[in-house]
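# What the coordinates show
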Amino acid sequence: MATFDEVGKRMEVPKKVVTLVRSALSVILIPVSLWWLISALYQNVLSGFIQELETGSRVPLAIALFILLFGTLFLCVSNFRKCLLRCIKTVLNKKWYLFGFMVISQIAVWLSFGAVNMGADQENIRLSSIDPHLFSDYLSRCSNNVFITFIYWLVRCLVPASWPESCVTMGMQFLNILALDGSIVLLYCALKKVSSRLADTAFVLFIMLFGFSGYIIIVYTDILSLPFTVVAISIGIDLLKTKRHLWCTICEFFVLGVVLYFGYQMKASSIIPCLCFLGCILLFPLRRVDIKKVVCCGCSLLIGIVCALSVFGLSINVLMKLNYDPEQSYPMSHFAVMGMIDRGGFNPEERSAVSQFETKEEKDEYSKSRIKSELSNYGFVGYFDFLLRKSAYTLEDGTFSFGEWDSCFSFENKSDGLSSLRDSGVAALIRDFYTPDNYKYGFLHFTEQIVYIFMVIGILFGAIFLFAKKEVDVEFGGVESLWFLLSLLGAVAFLMLFESGRGKYLIQFLPMFVTFASSGLVKLWGCVSSLVATDKGKYLESEHAGKI
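Not measured: the values here are computed from a predicted model.

Cut-offs used in this document
- Residues numbered from 1 in each chain as written.
- Predicted model: local features only at pLDDT ≥ 70, side-chain atom pairs only at ≥ 80, totals over all residues.
- Heavy atoms only, no water.
- Helix = DSSP H or I, 4+ residues; strand = E, 2+ residues; numbered from the N terminus.
- Buried < 20%, exposed > 50% of the residue type's maximum accessible area, 1.4 Å probe, protein only.
- Areas by Shrake-Rupley, 256 points an atom, 1.4 Å probe, with all protein chains shown as cover.
- Disulfide = S-S within 2.5 Å.
- Salt bridge = Lys/Arg side-chain N within 4 Å of Asp/Glu carboxyl O.
- Phe/Tyr/Trp six-rings, centres within 6.5 Å; stacked < 30°, edge-to-face > 60°.
- Lys NZ or Arg CZ within 6 Å of the ring centre and 35° of its normal.

## Quick notes on the overall build of the chain
Each helix and strand counted, the chain has 23 helices and 2 strands in total. The proportion of buried residues among the 548 residues of the chain is 50%. Carbon and sulfur atoms make up 67% of the accessible area of the chain, which totals about 25400 Å².

This is how it looks when you write it as structure tokens:
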């Protein structure tokens, strides 16, 4: 059976139509990524830089001089550019050493903190998993967290009852590490089918961007949703790039249906890449495919969703016997209301107001009336101004708002077998680097912000190269480019329409951000390499002229 990408090349839709759609999406993404870059530079770099200068600190001045020196050497000294390229190649070639160092650092952070005290959502999830037979008012209202509560309950069942409660939370933290590291490796394996350079770049970028983050100690859906996003991307790339028998394709669509449902249960927004992939293959490459094959794949997808739904229902209602009432849950319109007020994030007053209504229908009616009221108060210009501010709040932070609001935590050395280890000086030093109130955390914050800025630069240039109709060196210019463009814009649109306002809401989208950014960075790599080759050619010409 031909790949979907090959079918797309044979389809009757004119190539100009595909190019026009890709260019239109790129035109939209370019200003979005420019604003993204400005937000990341100003809010967490330039504003802090100015504040530090006003206090008389010399550190910002030293950093500024270093950046100026680095930029000057890069632009003016060819040997410096060659050395920089060699360093980057060395890092890419030794990427598995970097991965090993990341895993060691994660284990060290995990053991140094242990079971930390977390925010309201995380604590309510933990309490709900202790005795699922007791009625859970929290899960009745926040039914979107039922899946992670079930996983918490499974871990609790595996941990011996005689062990301390903190061991259950540490088990969930370890599951965080497995989910993150597994997602990084699986994304690398998937992208190898596209290009080795793209895979290597994405692998290193993902590690540097989020592999050393302290989020592994915070038990929530952010990291646990990553495997579902990456599996969907892996299946999509496999369908686009690999020749498969019909039955293999049908099986992949079945798995995609399962991933789609469980990803939705873990975090609703994590299914955006999957939905965009299905939209792309339906709109563009399937026009000349046998209708029987289309029906078979579609039925397989639906069967996967139904099977996942059945397994989930049996697990929650029969195995776990969770006592909750989903008819009391908050509707999507409530999260849309919170996305329209203040900074576009969680709002305690709005949550308290909507909680006064008993049923989901009543909550939905109230929230819809609030949406109409807010839109009327804003007007077109006012709402656009609000979205600019909200997008800056959401996109500015390269630490993904670690330690802020609902990502906050507090350390407490709880009594278990590792309490003596956490009393050591080494463990205390590690905690200092991951505690936002400690000045040592500034090093991690600065490093993550710089890597984050590079990611945004990659997204910007990826969009520019696609708009310029220049094929990216990594064959990232077919259906997959439309897929990731739609996914990126869909993710930003979702965040603007619903509750966000902080960087933590970007985490579930990191695999597609990293992939698209890597395609742009690889093209930049090609441009710099060409510049270095030009420098070398000029040097050889001058040397030859000297001999003559």
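The structure having been displayed, the exposition proceeds.
## Observations concerning unusual backbone geometry
Of note in this structure, Lys321 is not a glycine but carries a positive phi near 55°. Within the secondary structure layout, Lys321 lies in the loop between helix 15 (291-319) and helix 16 (332-338). Notably, Ser401 is not glycine yet its phi reads approximately 55°, a positive angle. Relative to the assigned elements, Ser401 resides in the loop between helix 18 (360-395) and strand 2 (409-410).

## Quick look at the state of the cysteines
For the structure on display, the rule yields 0 disulfides. Cys296 provides the cysteine sulfur closest to Cys297, a residue in no disulfide bond, and the two sulfurs are 6.8 Å apart. Since its relative accessible area comes to 6%, Cys297 is described here as buried.

## Focus: the pattern of salt bridges
Tallying each qualifying case throughout the model produces 14 salt bridges. Two residues, Arg370 and Glu374, come together in a salt bridge whose shortest N-O distance is 3.0 Å. Separated by 4 residues within a single helix, Arg370 and Glu374 lie in helix 18, roughly one turn from each other. Accessibility classification places Arg370 together with Glu374 in one group, the buried group.

## Re the packing of aromatic side chains
Evaluation of the coordinates by the stated rule reveals 32 aromatic pairs. Here Phe402 and Tyr441 contribute two aromatic rings whose centre-to-centre distance is 6.2 Å and whose plane-to-plane angle is 40°, an arrangement assigned as tilted. Taken together, the positions of Phe402 in the loop between helix 18 and strand 2 and Tyr441 in helix 21 (residues 441-467) put the pair 39 residues apart, joining distant regions of the chain. On the accessibility criterion, Tyr441 (7% relative accessible area) is buried. Three or more aromatic residues joined by ring pairs form one cluster here, namely Phe113, Phe210, Tyr215, Phe400, Phe402, Phe409, Phe411, Tyr441 and Tyr452. It is Arg343 that lies over the ring of Tyr393; its NZ or CZ is 4.3 Å from the centre. Taking the ring centre of Phe465 as reference, the NZ or CZ of Lys523 above it sits at 5.8 Å.

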